[in-house]
Amino acid sequence: MMNKLQLKPRELKIISVIAATHSIGDAAAFLGMAQANVSKYLSDFETRIGLKVFERTTRHLALTQFGEALLPYVNAALDKNSLLINFIADYKHEKRGKVTIYAPTGIVNYLARQVIHQIEEIGDIRISLKTSNLGRNEFSEGVPFPDDCDILITYAQPKDESLVASVLAKYSITAFATAEYLEKHPINGPEELINHSCILIDSMLVDDANIWRFHDRESGEIHDYRVTGNYICDNTQSALELARNHLGIVFAPKESLKNEIISGMLIPCFPHQDEWWLDLTAIFRKREYQPWRVQYVLDGILNCLRQQIAQAALGRPEQEN
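Keep in mind it's a predicted model, so treat the numbers as computed, not measured.

### Looking at the overall build of the protein
Moving on, step 1. When its secondary structure is counted, the protein shows ten helices and 13 strands.
Moving on, step 2. With respect to the principal axes defined by its C-alpha atoms, the protein has extents near 85 × 45 × 35 Å.
Moving on, step 3. A buried classification covers 42% of the 321 residues belonging to the protein.
Moving on, step 4. Restricting to contacts in the protein with at least 6 residues of sequence separation, those with at least 24 account for 69%.

In structure tokens:
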């Protein structure tokens, strides 16, 4: 008899959700099913296998000893079923499954605000945005590609040379502060940063300092400057908030501060000559090694970013004049 036992994905899903919620009512609400139907699925399953999965009390459900042992197998079966469905969907070019995108804090915010909503008709694709800020040595040694990552957008090259790295644009990074801060603490060039309160990024700390790099347009030379300060943040967005409150100088991309620059909330400390250029790079697996759903989202993101970057480039001469 047990050799002929058929387990349906729907009833396995119901068992998994009941175990997570400890309530048939909550499980029904989560699954969008009638509570009576959830109860019937569970009862039919327990009757068919001849074992109780849950102990029922007046207040909630608890897994039996058998249920505790069963649950990992139920969840593993659901994971395999999801992988199988995604595999078939990829071959049929169906829009379903998860696509995970990693990027630094500012880029994640930009994607959420300006890009993701422009990817049309995603069907049942689930897009997961995760933050991945660059570490101390990743500019020089390459950035790792997380195990669950499908697309990584960052300012460094990949550590794994088998991955594709597509440069989207060059971003200008320079020092910004409020007019109020600069009025109280004038500065004439990067060499004077040592005397100022600079807002540091934790992942870039070396001996309680950050190294800020500037390219002098007049001489063509590149110089590194060791900067320190009273405030340390783990992402650029927090550092910008501190700078907006006149607490020091921040090192950030011009492109991400357009509104602040136009409004005069933040102004470049050295507007005419000194800046550092970074490559904004999209990193992903070769197309023959990735699912179709990833290709669909990747193409949508790359097309949108390139259009926005091209429009910004066309608008620059007018803004500068």
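### Brief notes about the pairing of strand β8 (residues 210-216)
Moving on, step 1. On β8, burial follows the alternation: Asn210, Trp212, Phe214 and Asp216 on one face are buried, whereas Ile211, Arg213 and His215 on the facing-out side are not.
Moving on, step 2. Summarising the sheet, β8 and strand β9 (residues 222-227) pair through six bridges and their orientation is antiparallel. Its bridge partner lying in β9, Trp212 is registered against Tyr225.
Moving on, step 3. Between the end of β8 and the start of β9, which pair antiparallel, lie five residues, with Gly220 showing a positive phi angle near 80°.

### Observations regarding the nonpolar core
Moving on, step 1. Counting residues in each nonpolar core, the largest one holds 56 residues, and the members touching the most others are Leu111, Ile151, Ile153, Leu193, Trp212, Ile249 and Ile301.
Moving on, step 2. Looking at which element gives the most residues to this core, the answer is helix α10 (residues 292-320), with eight residues.
Moving on, step 3. When near neighbours in sequence (up to four residues on either side) are disregarded, Ile249 contacts Ala175, Phe176, Ala177, Tyr181, Ile187, Leu193, His196, Ser197, Cys198, Ile199, Trp212 and Cys269.
Moving on, step 4. By size, the runner-up hydrophobic cluster in this structure holds 21 residues, among which are Ile15, Val17, Ile24 and Leu71.

### Describing helix α2 (residues 24-31)
Moving on, step 1. Along α2, the positions that sit buried rather than exposed are Ile24, Ala27 and Ala28. Around the axis of α2, the buried residues are gathered within 100° of arc, so they sit on the same side. Along α2, the residues that are exposed and aim more than 90 degrees away from the buried face are Ala29 and Phe30.
Moving on, step 2. Summarising the contacts, the buried residues of α2 are in contact with α1 (9-21), α3 (35-49) and β2 (61-63).
Moving on, step 3. N-cap assignment for α2: the residue whose side-chain oxygen lies 3.3 Å from the backbone N of Gly25 is Ser23.
Moving on, step 4. Within two residues after α2, Gly32 carries a phi angle of roughly 70°, on the positive side.

### Describing the pairing of strand β3 (residues 96-103)
Moving on, step 1. Most of β3 is tucked away, with six of its eight residues classed as buried.
Moving on, step 2. For the crossover from β3 across helix α5 (residues 105-115) to strand β4 (residues 124-131), the handedness is right-handed.
Moving on, step 3. When β3 meets strand β5 (residues 151-154), the two strands line up parallel, connected through two bridges. For Ile101, the partnering residue across the bridge sits in β5 and is Ile151.

### Let's talk about the packing of α1 against α3
Moving on, step 1. At a closest axis distance of 10 Å, the pairing of α1 and α3 adopts a crossing angle of 105°. If you check the angle between α1 and α3, you find them roughly perpendicular. Contacts between α1 and α3 involve Arg10, Glu11, Ile14, Ile15 and Ile18 from the first element and Val38, Tyr41, Leu42, Phe45 and Arg48 from the second.
Moving on, step 2. Here the contact of α1 with α3 is built from residues that sort into seven nonpolar, no polar and three charged.

### Things to note about the packing of aromatic side chains
To describe a pair of aromatic rings, one takes the distance between the centres and the angle between the planes.
Moving on, step 1. Under the definition given, this model contains five aromatic pairs.
Moving on, step 2. Taken together through their ring pairs, the aromatic side chains of Trp212, Phe214, Tyr225, Phe251 and Phe270 make up a single cluster.

### A word on the side chain of Ser197
Moving on, step 1. Tracing the chain through its elements places Ser197 in the loop between α7 (179-184) and β7 (200-201).
Moving on, step 2. Ser197 sits in the buried class, given a relative accessible area of 16%.
Moving on, step 3. For Ser197, the contacting residues outside a window of four places in its chain are Tyr181, Thr228, Gly229, Asn230, Tyr231, Leu247, Gly248 and Ile249.

Reading guide: rules and limits
Residues numbered from 1 in each chain as written. Predicted model: local features only at pLDDT ≥ 70, side-chain atom pairs only at ≥ 80, totals over all residues. Heavy atoms only, no water. Helix = DSSP H or I, 4+ residues; strand = E, 2+ residues; numbered from the N terminus. Buried < 20%, exposed > 50% of the residue type's maximum accessible area, 1.4 Å probe, protein only. Contact = heavy atoms within 4.5 Å. Pairing = 2+ DSSP bridges. Core = buried A, V, L, I, M, F, W, Y, C linked by side-chain atoms within 4.5 Å. Arc of directions from axis to C-beta. Polar contact = N/O pair within 3.5 Å; in protein donor to acceptor, adjacent residues only side chain to side chain. Right-handed = clockwise from strand over helix to strand, strands pointing away. Axes fitted to C-alpha atoms, helices over the stretch in contact; angles between N-to-C directions. Parallel < 35°, antiparallel > 145°, perpendicular 65-115°, else oblique. Nonpolar A, V, L, I, M, F, W, Y, C, P; charged D, E, K, R; others polar. Phe/Tyr/Trp six-rings, centres within 6.5 Å; stacked < 30°, edge-to-face > 60°.

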